[in-house]
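Secondary and tertiary structure notes
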Amino acid sequence: MKMANISTINWFFVCGLSFCLGGIAVLSFMPLSSDCICPLKNPLSRLTEEHATKPIARSPHKMAVLVPFRDRFEELLQFVPHLTQFLRRQGIEHHIFVLNQVDRYRFNRASLINVGFHFTSEVYDYIAMHDVDLLPLNNDLLYEYPSSLGPLHIAGPKLHPKYHYDNFVGGILLVRREHFQQMNGMSNQYWGWGLEDDEFFVRIRDAGLQVTRPQNIKTGINDTFSHIHNRHHRKRDTQKCFNQKEMTRKRDHNSGLNNVNYKILKVHDMTIDNTQITVLNILFECDVNKTPWCDCSGTAAAASAVQT
């Protein structure tokens, strides 16, 4: 019953927003049966030719756009039509998966990406780890299948409007399926905002891979992307509690793709401006003995102590 309530609340939240926005987007939610809450097994099992975004010229590769998400609906309304048109011009066969965290814990971007990879990896041979608030403007930014060298960082430090250090791999990163598996995905210990990308850069290096970036881009940090995040309206959760600061500065050798602890409560098909996307409602479990900073209020730790 508890799970159903969370999902129902989320459904009403989105429907209420769509009503208030009055015609900005045409939305429809179609919850799938519980049998479908499992990884995709075949391109025709759920994403038929009708669902998949049709490119101008068919690509030999399929890209899953993984969008970590929580309470950013107005940004999603801008993101989906913009990126869809951008990728259609390049002939990229893709589908957008919104990874919607619905539990009470702090936001965990890296774990959401791990879940999205589990869900899509049997159908899609590369992923785009994509922030919902970063819209590409320069058509020379090619979301192509990454080379054998390693991940392709679209939002490089010479192009991103905010982050300019050499090891930065956030914003938009394209990764081959086999490379993501080789690195055991991303660390699951990054609750709250920041640093998970820096840890992932170390994983890339330790796996003997290297980051490549678009070449001969004529635009710069002011005109390559539109960064639509409003920092006054949506403040980053930068709080550090317990021993989080110490632990998240280290390479995590213990967690990743192989042990992310989650449930997918619902899978929705949602249409925004005639583009069909897939929304996964994801609920995480937190081991407060390992990462008590998943809830800085201490509520999760107290609940865990009562249960034991």
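One structure accompanies this document, and this report is about it. (Residues numbered from 1 in each chain as written. Predicted model: local features only at pLDDT ≥ 70, side-chain atom pairs only at ≥ 80, totals over all residues. Heavy atoms only, no water.)

A few words now on the overall build of the protein chain. What the protein chain contains, in helices and strands, is seven helices and 10 strands. Within the span of the protein chain, comprising 308 residues, buried residues form 53% of the whole. By sequence separation, contacts in the protein chain at least 24 residues apart represent 79% of the contacts at least 6 residues apart. Just so you have it, the protein chain exposes about 14500 Å², and 52% of that area is on carbon and sulfur atoms. (Helix = DSSP H or I, 4+ residues; strand = E, 2+ residues; numbered from the N terminus. Buried < 20%, exposed > 50% of the residue type's maximum accessible area, 1.4 Å probe, protein only. Contact = heavy atoms within 4.5 Å. Areas by Shrake-Rupley, 256 points an atom, 1.4 Å probe, with all protein chains shown as cover.)

One pass over the full model with this rule turns up 13 salt bridges. The shortest N-O distance in the salt bridge between Arg176 and Glu178 comes to 3.1 Å. Judged by relative accessible area, which is 34%, Glu178 ranks as partly exposed. Between Arg203 and Asp252 there is a salt bridge, and its shortest N-O distance comes to 3.8 Å. (Salt bridge = Lys/Arg side-chain N within 4 Å of Asp/Glu carboxyl O.)

Here we come to the state of the cysteines. Per the stated rule, a full pass over the model turns up two disulfides. Here Cys241 pairs with Cys296 through a disulfide, and the sulfurs are 2.1 Å apart. Across the S-S bond linking Cys241 and Cys296, the dihedral sits near -80 degrees, which makes this disulfide left-handed. Highlighted residues: Cys241 in the loop between β8 (225-227) and α6 (244-247) and Cys296 in the loop between β10 (275-284) and α7 (299-307), separated in sequence by 55 residues. Cys241 sits in the buried class, given a relative accessible area of 9%. Covalently, Cys286 is tied to Cys294 through a disulfide, its sulfur atoms 2.1 Å apart. Given an S-S torsion of about -95 degrees, the disulfide between Cys286 and Cys294 has left-handed geometry. A relative accessible area of 0% means that Cys294 is categorised as buried. Numbered by order of appearance in the sequence, the disulfide-linked cysteines of the protein chain pair as 1-4, 2-3. (Disulfide = S-S within 2.5 Å.)

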